[in-house]
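Close look at the chain arrangement
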Amino acid sequence: MTSISEEMNSLIENLVGNTIEFDTSLFDYYVKDNLGIFVPILDRTGKQSINHKHPAYEIMINFDLYSSMPKHYHAEIASPNIIHNKAQNMYCYYILIDKDYFEKRFLMYSEEIPIFECKQFEICSDILKTLNVFVFEYSKCMMNAELTLETQTEIITYWLIRSLFGETMDMRAISSDYSLARAQYYIEQHYMDNITVEKLANLGYMSKTSFNRWFKKELGITPIEYLIDVRIKMAKLIYNYHQENLRKGVFSKCSIVVEALLVQYERKRIGGRYI
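Source: prediction; values computed, not measured.

Membership of the largest hydrophobic core comes to 47 residues, with the highest contact counts inside it found for Ile37, Ile59, Ile61 and Ile123. Broken down by element, the residue count for this core peaks at seven residues, all from helix 4 (residues 145–164). For Ile61, the residues in contact, after removing those within four places along its chain, are Tyr73, His74, Ala75, Tyr91, Cys92, Tyr93, Ile95, Ile123, Ile127 and Leu131. Ranked by size, the runner-up nonpolar core spans 19 residues in total, among them Tyr186, Tyr191, Leu200 and Phe215.

A few words now on the pattern of salt bridges. By the definition in use, this model includes five salt bridges. Two residues, Lys32 and Glu146, come together in a salt bridge whose shortest N-O distance is 2.7 Å. You can see Lys32 sitting in the loop between strand 1 (27–31) and strand 2 (35–40) and its partner Glu146 sitting in helix 4, a full 114 residues away along the chain. For Glu146, a relative accessible area of 46% puts it in the partly exposed group. Salt-bridge contacts for Arg105 lead to Glu154; the nearest nitrogen and oxygen are separated by 3.0 Å. In this pair, Arg105 sits in helix 2 (residues 99–106) while Glu154 sits in helix 4, placing the two residues 49 residues apart along the sequence. Judged by its relative accessible area of 25%, Glu154 is partly exposed.

Here the focus is the environment of Leu219. Inspection of the secondary structure assignment puts Leu219 in helix 7 (residues 208–219). Along the backbone, Leu219 and Ser175 are 44 residues apart, and their C-alpha atoms lie at a distance of 7.4 Å.

Centre distance and the angle of the planes are the two values used to describe a pair of aromatic rings. Applying the stated rule across the entire model yields 14 aromatic pairs. Note on Phe63 and Tyr73: the rings are 4.7 Å apart at their centroids and 75° apart in plane angle, and the pair reads as edge-to-face. Residue Phe63 is found in strand 4 (residues 57–66), and its partner Tyr73 is found in strand 5 (residues 72–78); the two are separated by 10 residues along the sequence. Taking the relative accessible area as the measure of exposure, Phe63 reaches 27% and is therefore partly exposed. Aromatic ring contacts, followed pair by pair, group Tyr57, Phe102, Phe106, Tyr109, Phe116, Tyr158 and Phe165 into a single cluster. The ring of Tyr101 has Arg105 lying over it, and the distance from NZ or CZ to the ring centre is 3.6 Å.

Rules used in this analysis
Residues numbered from 1 in each chain as written. Predicted model: local features only at pLDDT ≥ 70, side-chain atom pairs only at ≥ 80, totals over all residues. Heavy atoms only, no water. Core = buried A, V, L, I, M, F, W, Y, C linked by side-chain atoms within 4.5 Å. Buried < 20%, exposed > 50% of the residue type's maximum accessible area, 1.4 Å probe, protein only. Helix = DSSP H or I, 4+ residues; strand = E, 2+ residues; numbered from the N terminus. Contact = heavy atoms within 4.5 Å. Salt bridge = Lys/Arg side-chain N within 4 Å of Asp/Glu carboxyl O. Phe/Tyr/Trp six-rings, centres within 6.5 Å; stacked < 30°, edge-to-face > 60°. Lys NZ or Arg CZ within 6 Å of the ring centre and 35° of its normal.

Here it is, written out as structure tokens:
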């Protein structure tokens, strides 16, 4: 990318600000109306380390730092016009999202928009797949790419916002195998029922032994461990909902029950004993 059209320059300026100070030669970039992905170029890295700010939200996903969570990347976010100084890292993606676009969607999750001063968070490593789909669509100029890029922009933005709230999604946990996926869907819908491995295996026309072994190999955990994780996740969602009601002065006995269940499940998981 050696030359920049007037239209592209306007798109970049909307996200990064002054394009004279922003050296586009340091990056491969994929920019649309509300989102841009900037990837440092190998042989030019290390030449930009200055105080800077942008009119858009900047999210840096660092592939060179170990995350505290397995299958996750370390990320940071800076709000618009927050001055920060980050030496350019070759092993990262910079994502810039239009201020109004980002905040409109953030307000669907929170009543207030905080100021992020390089706030650190963890994001599932599968975000890279979605970012690369965006890049692929952008680069290939495929039929109706404008529509698919708009969709990818929405997905990326919501994924980042959810990650800021600690809600991550591991796409590798969604199996492409019919038998395993069928069992996963059943667990998600009937997690409060008395589910057995035999029942899950029968859904996919497999023996209990083969199903248990294949599930563990494909997803990294056993079917019952998966069930417990779903129950814990749902219990936390219910608990947080009732805690919010308590904050608003609405008392619910359900929150007490759910809190007790959370403690029970976490103890069993930590102790290696699953029901």
